[in-house]
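# Coordinate inspection notes
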There are 2 protein chains.
Amino acid sequence: MIKTMQVGDQRSYQRIITKEDVIKFGEVTGDMNPAHYDEAYTRTTMFKKPIVHGMLVGSLFSKIFGMEYPGVGTIYCSQSLTFLKPIYPDTKLTVKVTIKSINEEKNRVIFTTEIFNHSGDLALTGEAMLMPRKDV
Amino acid sequence: MIKTMQVGDQRSYQRIITKEDVIKFGEVTGDMNPAHYDEAYTRTTMFKKPIVHGMLVGSLFSKIFGMEYPGVGTIYCSQSLTFLKPIYPDTKLTVKVTIKSINEEKNRVIFTTEIFNHSGDLALTGEAMLMPRKDV
C-alpha cells in the first residue's frame, strides 16, 4: 500500500454534526458537560451557545483512515489534536487529511489532520501516524 | 480554580465499552471500518476480534475534565493519543488523568492521560492541555 502513497496526497469530506449526534456522543462517552447541552448555561460562557465535543470533531478523521485512505487494514498509531475554535452543531465542517511524511522502511505515514468550520477557518489541527496494511 | 490544583493530582474511573457503544460511535463518526464490526474479517487481522475505535477510547478523558476535575467551565486546548494496545468491547478499562504541570500565570494545566486495559496494561497514553475556569 505504502508504495503507492505520496507526500501531499489529500482526502476530504464535508460533514454536519447535528444536536442528535452530540447527544449520542455524550451517551457513549459519558461526557454530559453542560457546555454541550445547556443553552441557558452556555449563554454565560465565552461560546454563547452549546458547542460540539472537541473529541467528537477529532474523531472524524478515523472514517477516512479506516475506510478510504489508506483504507481497511490500516492501524492507527497516534493522533494529536489542538482545538483552535469552537464548533457549533448544525454547521458544515470540512474534514481534511494530507500526507506530511512517509517512512517506507518502517511502514509509517504521518498525516496532517485538519477541520475547517463553516466559514473556512481552521478550527482543529493535528497529526496522525498510521501503519497502512502491508499486503497490497 | 488553578490555585487549588497540584502536580500529581489524579482522577480515575472504570468503564466497560459495549458492542452497542461501538455501533453508536460508528454511527456518529461515520467510521464503520470492519475492524470494529466484522467478526469474520477480524479473524484475518492481527487483533483476531473486533476492536473498539481508538478515538472512542481516547474520548473517555473528556468526561473527567468537563464534569469532575477541573470540571464545568474547563476549556480543552489539546489532546495527544498514542494507541499502544487494542481494546476489546465488553472489557473493563481504567481511565486515569494525572496533573503533569501547571502554569498558573497562563492558566494552563497539562495532564498525563492513560487508559489501562482489563489486565492492567497501559493501552493508550497521551497528554491533555486544559484551561480551568477562572472564576473559582
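Provided above is the structure to which this section pertains.
Everything quoted here is computed from the prediction, not taken from an experiment. (Residues numbered from 1 in each chain as written. Chains lettered and ligands numbered in written order. Predicted model: local features only at pLDDT ≥ 70, side-chain atom pairs only at ≥ 80, totals over all residues. Heavy atoms only, no water.)

### Some thoughts on the overall build of chain A
On a plain count of helices and strands, chain A comes out with four helices and five strands. Principal axes of the C-alpha set define a box for chain A whose edges measure 55 × 30 × 20 Å. Residues counted as buried form 50% of the 136 residues belonging to chain A. If you take every contact in chain A between residues at least 6 apart in sequence, the share linking residues at least 24 apart comes to 65%. About 6,300 Å² of surface is accessible on chain A, with carbon and sulfur atoms providing 52% of the total. With 17 positive and 15 negative side-chain charges, chain A shows a separation of 3 Å between the mean positions of the two kinds. (Helix = DSSP H or I, 4+ residues; strand = E, 2+ residues; numbered from the N terminus. Buried < 20%, exposed > 50% of the residue type's maximum accessible area, 1.4 Å probe, protein only. Contact = heavy atoms within 4.5 Å. Areas by Shrake-Rupley, 256 points an atom, 1.4 Å probe, with all protein chains shown as cover. Lys, Arg positive; Asp, Glu negative; His and termini not counted. Charge placed at Lys NZ, Arg CZ, Asp CG, Glu CD.)

### Topic: the side chain of Asp31 of chain B
As for its position among the elements, Asp31 of chain B is in the loop between α1 (19–29) and α2 (39–42). Buried and unpaired, Asp31 of chain B has no salt bridge, with Lys63 of chain A as the nearest side chain of opposite charge at 9.1 Å. Side chain to side chain, Asp31 of chain B and Ser62 of chain A meet in a polar contact 2.4 Å long. In this structure, Asp31 of chain B is in contact with Ser62, Lys63 and Met67 of chain A together with Gly26, His36, Tyr37 and His53 of chain B, ignoring residues within four places of it in sequence. (Salt bridge = Lys/Arg side-chain N within 4 Å of Asp/Glu carboxyl O. Polar contact = N/O pair within 3.5 Å; in protein donor to acceptor, adjacent residues only side chain to side chain.)

### What about α1 of chain B?
If you check which residues of α1 of chain B are buried, you get Asp21, Val22, Phe25, Gly26, Val28 and Thr29 of chain B. Angular distribution of buried residues about the axis of α1 of chain B spans 165 degrees; they occupy a single face of the element. Buried residues belonging to α1 of chain B abut β1 (10–16), α1 (19–29), α3 (54–58) and α4 (61–67) of chain A together with β1 (10–16) and α3 (54–58) of chain B. Looking one or two residues past α1 of chain B, Gly30 of chain B carries a phi angle of roughly 85 degrees, positive in sign. (Arc of directions from axis to C-beta.)

### Concerning the relation of the copies chain B and chain A
If you rotate chain B by 180 degrees and push it 0.0 Å along the axis, it lands on chain A with an RMSD of 0.0 Å. When the rotation and shift are considered jointly, the pair of chain copies conforms to a two-fold rotation axis. Rotation axis and chain B: the residue whose C-alpha lies nearest the axis is Ser80 of chain B, separated from it by 2.1 Å. Most of the interface of chain B is mirrored in chain A, where 100% of its interface residues again form contacts. (Least-squares fit on C-alpha atoms with pLDDT ≥ 70 in both.)

### Observations regarding the nonpolar core
Nonpolar side chains in soluble globular proteins tend to end up buried together. In this structure, Phe61, Phe111 and Ile115 of chain A together with Phe61, Phe111 and Ile115 of chain B are the most contacted members of the largest nonpolar core, which totals 64 residues. What Phe61 of chain A contacts, discounting residues up to four positions off in sequence, is Tyr76, Gln79, Leu81, Val95, Lys96, Val97, Thr113, Glu114, Ile115 and Leu124 of chain A. (Core = buried A, V, L, I, M, F, W, Y, C linked by side-chain atoms within 4.5 Å.)

### Some points on the sheet that holds strand β5 (residues 122–131) of chain A
Within the open sheet, the 10 strands sit side by side as β1(A)-β3(A)-β4(A)-β5(A)-β2(A)-β2(B)-β5(B)-β4(B)-β3(B)-β1(B). Their pairing is antiparallel. In the strand order of this sheet, the two ends are held by β1 of chain A together with β1 of chain B, each with one partner. Between one strand axis and the next, the sheet turns through 20 degrees on average, direction left out of account. With seven bridges joining them, β1 of chain B and strand β3 (residues 92–103) of chain B adopt antiparallel strand pairing. Within β3 of chain B, the position partnered with Ser12 of chain B by the bridge is Lys96 of chain B. (Pairing = 2+ DSSP bridges. Axes fitted to C-alpha atoms, helices over the stretch in contact; angles between N-to-C directions.)

### Observations regarding the pairing of β3 of chain B
Residue and element names in this part refer to chain B. As defined by bridge partners, β3 adjoins strand β4 (residues 108–116) across nine bridges and the pair is classed as antiparallel. Each residue of the ladder has a partner; that of Ile102, found in β4, is Val109. If you look at the hairpin formed by β3 and β4, you'll find four residues sitting between the two strands, and Asn107 has a positive phi there, around 55 degrees.

### A few points about the pattern of salt bridges
Across all of its chains, the model carries 12 salt bridges over all chains by this definition. In this structure, Asp21 of chain A and Arg15 of chain A form a salt bridge, with 2.9 Å as the shortest nitrogen-oxygen distance. Take Asp21 of chain A: its relative accessible area is 13%, and that puts it in the buried class. One salt bridge in this structure joins Lys24 of chain A and Glu27 of chain B, with 2.8 Å as the shortest N-O distance.

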